[in-house]
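The primary structure of each chain is shown beneath.
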Amino acid sequence: MSTIFKRLLDHFGPQGWWPAETPFEVMVGAILTQNTSWKNVERAIENLKNAGCLTPERITSCPLNELRELIKPAGFYNQKALYLKELSRFLLDHPLEELATLPTHELRRLLLSIKGIGKETADSILLYVFNRPVFVADRYSHRVFSRLGIWRGPYRYEEIRSLVEEEMKDPEELKEFHALVVELAKNYCRPQPRCDACPLKDLCSFNREGE
Ligand code: SF4
């Protein structure tokens, strides 16, 4: 894992994730990014910012129709508007400073109790907002790790997460590693992989099997 991490870091450089001005913006982005590209999320966040609607208070008081319009570029806007309202209400009841004192498993349990927050979204928030040592084991990581031969079998979120967390304990490294794996999956390890140009090609079993 550490060889892969170093190789990706050398190739792509530091990714500086998560791009956001406030912890709340990270949380909103983590919900909006479900089933859509980051470009679409950026447009929705820009709309929220321009409307002065990027705080839990403003989202709670914003009429649902208005909120749907603002986040429309991110898709699934009916659902996501409700999720943002759920998240905002939760944060008004549980201030960030209070949440930050909780142990990781307890905080994860609470986040998962919010409608619209699944494992991947909860772990993105744990890692990028609360700086906890968790790995966001998204579908990109499953594709990349499977091809590299470090994971065998179907997508199992918790097990892929544990595989990385057993080796990496530093939240800063985990942030960077997650971002780099996504970058690799988007640029080289696509559904149709571009193995010839991939920075990991000499480490990859998929590539060797194809020889
Ligand atoms: S060599 Fe090919 S299959 Fe392996 S990680 Fe790179 S792009 Fe993916």
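Preceding this paragraph is the structure being described.
Before going into details, it helps to say that this report is about the structure given with it. This one's a predicted model, so the numbers in the text were calculated from it and none came from an experiment.

**Describing helix 12 (residues 171-187)**
Working step 1: Look at helix 12: 24 Å from first C-alpha to last across 17 residues, which is about the 24 Å you get at 1.5 Å a residue.
Working step 2: Taking burial as the measure, the 17 residues of helix 12 include twelve buried ones, the bulk of the element.
Working step 3: The inward-facing, buried residues of helix 12 abut helix 1 (2-12), helix 9 (119-128), helix 10 (139-148) and helix 11 (157-167).
Working step 4: Sitting at the head of helix 12, D170 places a side-chain oxygen 2.9 Å from the backbone nitrogen of E172.

**What about the environment of R43?**
Working step 1: Summarising the element assignment, R43 is placed in helix 3 (residues 38-50).
Working step 2: With a relative accessible area of 49%, R43 lands in the partly exposed category.

**Regarding the site of the ligand**
Working step 1: Around the ligand, the surrounding shell holds ten residues, and the nearest of these are C189, C195, C198, C204 and F206.
Working step 2: Residues that form the shell around the ligand fall into these classes: seven nonpolar, one polar and two charged.

**Re the environment of F177**
Working step 1: Here F177 shows up in helix 12.
Working step 2: What F177 contacts, discounting residues up to four positions off in sequence, is M1, I4, F5, L8, F135, F145, V164 and M168.

**Remarks on the pattern of salt bridges**
Working step 1: Counted according to the given criterion, the structure contains 14 salt bridges.
Working step 2: With a shortest N-O distance of 3.4 Å, E21 and K49 are connected by a salt bridge. Of this pair, E21 sits in the loop between helix 1 and helix 2 (23-32) while K49 is found in helix 3, placing the two residues 28 residues apart along the sequence.
Working step 3: A residue is classified by how much of its surface remains accessible, and E21, at 66% relative accessible area, is exposed.
Working step 4: For K49, a relative accessible area of 29% puts it in the partly exposed group.
Working step 5: In this structure, E165 and R161 form a salt bridge, with 3.0 Å as the shortest nitrogen-oxygen distance. Taken together, the residues E165 and R161, both in helix 11 and four residues apart, mark about one turn of the helix.
Working step 6: A relative accessible area of 18% means that E165 is categorised as buried.
Working step 7: Among the residues examined, R161 registers a relative accessible area of 12% and is labelled buried.
Working step 8: Where salt bridges share partners, they join R108, K119, D123, E158, R161 and E165 into one cluster.

**Overview of the side chain of R147**
Working step 1: Inspection of the secondary structure assignment puts R147 in helix 10.
Working step 2: At 2.9 Å, the side chain of R147 forms a polar contact with the backbone oxygen of P191.
Working step 3: Apart from the residues lying within four places of it in its own chain, the contact partners of R147 are C189, R190, P191, P193, C204, S205 and F206.

Reading guide: rules and limits
Residues numbered from 1 in each chain as written. Predicted model: local features only at pLDDT ≥ 70, side-chain atom pairs only at ≥ 80, totals over all residues. Heavy atoms only, no water. Helix = DSSP H or I, 4+ residues; strand = E, 2+ residues; numbered from the N terminus. Expected span 1.5 Å × (residues − 1). Buried < 20%, exposed > 50% of the residue type's maximum accessible area, 1.4 Å probe, protein only. Contact = heavy atoms within 4.5 Å. Polar contact = N/O pair within 3.5 Å; in protein donor to acceptor, adjacent residues only side chain to side chain. Near = heavy atom within 4 Å. Nonpolar A, V, L, I, M, F, W, Y, C, P; charged D, E, K, R; others polar. Salt bridge = Lys/Arg side-chain N within 4 Å of Asp/Glu carboxyl O.

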